[in-house]
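# Close look at the chain arrangement
What follows is each chain in one-letter form.
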Amino acid sequence: MQDNLKSSSYQQLEQKSKYTNMFLRWFLYFVLILFASYFIFPLYVMVVTSLKTMEEIRQGTLLSWPSGLNFESWAVAWGGRGYGAGDTFLRPYFWNSIKMVVPAVFFSTLIGAMTGYVLTKWRFKGDSWVFLFLLFGCFIPFQAILLPMARTLGALGISNSIVGLVLVHTVYGIPFTTLFFRNYYVSVPTELVKAARIDGAGFFKIFFKILLPISAPIIVVTVIWQFTQIWNDFLFGSTFSFGEAAPIQVALNNMVLSSTSVKEYNVDMASAIIAGVPTLIVYVLAGKYFIRGLTSGAVKG
Amino acid sequence: MKTLKIEDLSKNFGSTEVLRKINLEIDEGNFLVLLGPSGCGKSTLLNIIAGLETINEGNVFIDDYNVSKVEPKDRNIAMVFQSYALYPSMNVRENMIFGLKQAKTSKEKIEQQLEKVSKFLQVDQLLERKPSQLSGGQRQRVAIGRALVREPRIFLFDEPLSNLDAKLRVEMRREIKKLHQQLKTTVVYVTHDQTEAMSLGTRIAIMNHGVIQQNDTPENIYNKPSNTFVADFIGSPSMNLIKGSLKESSGEISFTASGSNFEIPVKGYEFKDKSNLNNKEVFFGIRPEHIYFKKSNESDFEVTLRADLSEYIGHEQIMTFDYSNQEILAKFPSTIKIELAKETKLYFDLTQTSLFDAQSEERI
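Residues numbered from 1 in each chain as written. Chains lettered and ligands numbered in written order. Predicted model: local features only at pLDDT ≥ 70, side-chain atom pairs only at ≥ 80, totals over all residues.

## Regarding the overall build of chain A
- Assigned secondary structure in chain A consists of 13 helices and zero strands.
- Ordered by position in the sequence, the α and β elements of chain A form the string α-α-α-α-α-α-α-α-α-α-α-α-α.
- For chain A, the C-alpha radius of gyration of 27 Å lies well beyond 19 Å, the compact-globule estimate for 301 residues.
- Overall size of chain A, expressed as C-alpha extent along the three principal axes, is 95 × 75 × 30 Å. (Helix = DSSP H or I, 4+ residues; strand = E, 2+ residues; numbered from the N terminus. Rg over C-alpha atoms; globule rule 2.2 N^0.38 Å.)

## A look at the confidence of the model for chain A
- In the predicted model, chain A carries a mean pLDDT of 88, and 92% of its residues have values of at least 70.
- A low-confidence stretch, residues 297-301 of chain A (pLDDT under 50), is modelled with 15 contacts involving residues beyond four sequence positions or located in other chains. (pLDDT = per-residue confidence, 0-100. Contact = placed C-beta atoms within 7 Å.)

## Some details on the packing of helix 2 (residues 92-102) of chain B against helix 4 (residues 136-148) of chain B
Residues and elements named next belong to chain B.
- In the contact formed by helix 2 and helix 4, the axes pass within 7 Å of each other and the chain directions differ by 30°. In terms of orientation, helix 2 and helix 4 fall into the roughly parallel class. Judged by the sense of rotation from one axis to the other, the crossing of helix 2 with helix 4 is right-handed. In contact with Val92, Asn95, Met96 and Gly99 of helix 2, helix 4 contributes Val142, Gly145 and Arg146. (Axes fitted to C-alpha atoms, helices over the stretch in contact; angles between N-to-C directions. Parallel < 35°, antiparallel > 145°, perpendicular 65-115°, else oblique. Left-handed = near helix turned anticlockwise from the far one by under 90°.)

## Focus: the sheet that holds strand 7 (residues 154-158) of chain B
All names here are of chain B.
- An order of 6-7-8-3-9-10 is seen for the six strands of this open sheet, with the pairing classed as mixed. Here the strands that pair on one side only, and so sit at the sheet edges, are strand 6 (77-80) and strand 10 (211-216). Mean inter-strand twist for the sheet, computed between neighbouring axes without regard to direction, equals 15°.
- Taken together, the five bridges between strand 9 (residues 203-208) and strand 10 define a ladder with antiparallel strand orientation. Within strand 10, the position partnered with Met207 by the bridge is Ile212. (Pairing = 2+ DSSP bridges.)

## Regarding the domain arrangement of chain A
Residue and element names in this part refer to chain A.
- As far as domains go, chain A holds domain 1 (2-79) and domain 2 (91-295).
- Computed over C-alpha atoms only, the centres of domain 1 and domain 2 are separated by 35 Å.
- Listed as interface residues are 14 residues of domain 1 and, on the opposing side, 11 residues of domain 2.
- Counting residues per element, the side of domain 1 that touches domain 2 draws most heavily on helix 3 (residues 72-79), which supplies six residues.
- A breakdown of the residues in the side of domain 1 that touches domain 2 according to their chemical character gives eight nonpolar, five polar and one charged. (Domains from an automatic or database assignment. Nonpolar A, V, L, I, M, F, W, Y, C, P; charged D, E, K, R; others polar.)

## Side note on the interface of chain B and chain A
- Counting from both sides, the interface comprises 21 residues of chain B and, opposite them, 16 residues of chain A.
- Mapped by element, the contributors of at least two residues to the side of chain B that touches chain A are strand 6 and helix 2 of chain B.
- Among the residues making up the side of chain B that touches chain A, the classes are represented as 15 nonpolar, five polar and one charged.

## A look at helix 9 (residues 203-211) of chain A
All names here are of chain A.
- All of the buried residues in helix 9 are Ile206, Phe207, Ile210 and Leu211. Taken end-on, helix 9 shows its buried residues confined to a sector of 115°, consistent with a single buried face. Exposed residues lying more than 90 degrees from the buried face of helix 9 are Phe204 and Phe208.
- Looking at the packing, one finds that the buried side of helix 9 touches helix 4 (91-121), helix 7 (162-186) and helix 8 (190-198). (Buried ≥ 20, exposed ≤ 12 C-beta atoms within 10 Å, placed from the backbone. Arc of directions from axis to C-beta.)

## Description of the domain arrangement of chain B
- Along its sequence, chain B is organised into domain 1 (4-225) and domain 2 (240-357).
- Placing a centre on the C-alpha atoms of domain 1 of chain B and another on those of domain 2 of chain B gives a separation of 40 Å.

## Comments concerning the nonpolar core
- Among the nonpolar cores identified, the biggest contains 145 residues, and Leu34, Met79, Leu156 and Val188 of chain B are the most heavily contacted of them.
- In this view, Leu34 of chain B contacts Lys42, Leu45, Leu46, Val188, Val190, Ala205 and Met207 of chain B; residues no more than four positions away in its chain are not counted. (Core = buried A, V, L, I, M, F, W, Y, C linked by C-beta atoms within 7 Å.)

## Re the confidence of the model for chain B
Residue and element names in this part refer to chain B.
- A residue-level look at chain B finds 100% of positions with pLDDT of 70 or above and a mean pLDDT of 92.
- No element of chain B has a lower mean pLDDT than strand 13 (residues 263-265), which averages 89, and none a higher one than strand 3 (residues 31-35), which averages 96.
- Reported for the predicted complex are a pTM of 0.82 and an ipTM of 0.85.

## Observations regarding the pairing of strand 1 (residues 4-13) of chain B
All names here are of chain B.
- Across five bridges, strand 1 lies against strand 4 (residues 57-62) in antiparallel orientation. Residue pairing across strands places Leu4 opposite Ile62, the latter belonging to strand 4.
- Bridge count for strand 1 against strand 2 (residues 16-26) is seven bridges, and the pairing is antiparallel. Among the inter-strand pairings, Leu4 is bridged to a residue of strand 2, identified as Ile26.
- Joining the antiparallel neighbours strand 1 and strand 2 is a turn of two residues, in which Gly14 adopts a positive phi near 65°.

## Observations concerning helix 3 (residues 107-120) of chain B
All names here are of chain B.
- Here helix 3 contains 14 residues, and its C-alpha end-to-end distance of 20 Å stays within 8% of the 20 Å for a straight helix at 1.5 Å per residue.
- By the burial criterion, the buried members of helix 3 are Leu114, Val117 and Ser118. Along helix 3, the residues classed as buried sweep out an arc of 95° about the axis, all on the same side. Residues of helix 3 that are exposed and point over 90 degrees away from its buried face: Glu108, Lys109 and Lys119. (Expected span 1.5 Å × (residues − 1).)

Structure follows, in structure tokens:
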């Protein structure tokens, strides 16, 4: 009798917890969908607007569906209308940005890797101070270094040039890349370096043959981080370059703000998407390594 | 010619003294174990021999040649690490020949060495695998192989078995012993595990606080510890040290524990110095395994003690007795039944005792 009572009350509890779980699950989905739409909404507006004609934009609402796949505004944003003066379009500046991003990412990553290697595997007196000062670099606001940097670029004769921007971004990237690599190499057993030294490998050989080949996860993290930072940078670009030498974010700004005639929302939206696509591609291609790299621990030897 | 000689070696990190005036010599083919608790400086000493740490004072000689300022790769040594330190991005073959390639050895010689060593260590089936695809034991073997292919004068082992599980550790220990028996190489081996030290070493140097406490054969370390640290460190449970004093009457010397009148004769004991023994404050040392339940030798000395605690471990039991308010431990087969809180007759094996000066804690 008592057993029966017990089992029926257990059944009730089981039912109850089933309903509770179901409710919580649906609530979870609801919240997730809500947030997802909140984040996807601006992108939706950008994409549909870029596909509309000006006529449609004026007549329809922000959310209304375009009448067809009309890529004209994309073509205009990328290649211009084909008439001479005053026609700003993204293509040359896109290549400017590529020419700036690739070397800047490469050098800042390589130098950061080396610095991280030295700070963890070739400890020297005062190395923690060096690291501390490097960390300061992460926290100095960009605006604070504009003036001295402008003087420096001027003195070096590379102001208003892609080379100048590469230098600025490399220098400003080193604190971050060093931090990434240092934290990664700290978890790599120092015995690896000792073993390699006994085997007769030198400073560079150990770095390139032993440590760099196992650094793929953190290289991906650093490259994504640096690429996003440098590609999306507006402040340095607008301060240290103008006209022909400007990177894409500066050109985008000029394009959107300086149009004298009617505001062409469709072209503006297309331009904005074009300017944002490369970082998106990098993240999609390497995103899963990004998480893995950020969370990966010690290397098992 | 000594294969390895260390002379008045001192090392400090900042203001911390890690090694103090270390002197050590190893003959060709010997297996020297550096044994000590963590932080005693044994790993630092090994790193100094390898050339991975600098020296503050003193010198290191390999084959009578002063290598104190010589690069690790030129010292003709090879090292096996606790974490194996196999290069993760390289397969077993590349791992093993990395050192030879750095030394610009000819291709034929490299292949020849690789084949010989990989067959010998039974890793020839694993050559194409990455370290991450190997088990702990296999990694250890490859790490040893990487050391072997270089045919060094001295092998350095830095706690090579600490990362293995208990069963594998015993297996690998035997393999290292076999290896040494077959190759007769000179080895310096660092460990904190006394069983490893005892079973592997032809000589053991026990270290504490950067000083070598005793450098001797395993038998002497166990039977004639040179001070209370060594006596306490070796053996499990460690040696009983009973505080008391010596008494000399008509040429017979006996030991009396403090707070008791009971005299234990120590006439068979080999004193280093027979003078001034009367009333000397000493520790009387006897190992738990040298206290018997049954009289087995004529010289065994009968005592009656109260049993306080019994720890059953399966094949044996460890009993705690009260000896005039000092705890002493004894080890018996678990078949023997001893009642707690009762006086029990026990027998001390007086041929196996040690005496230490209570002040200096040195063997007398």
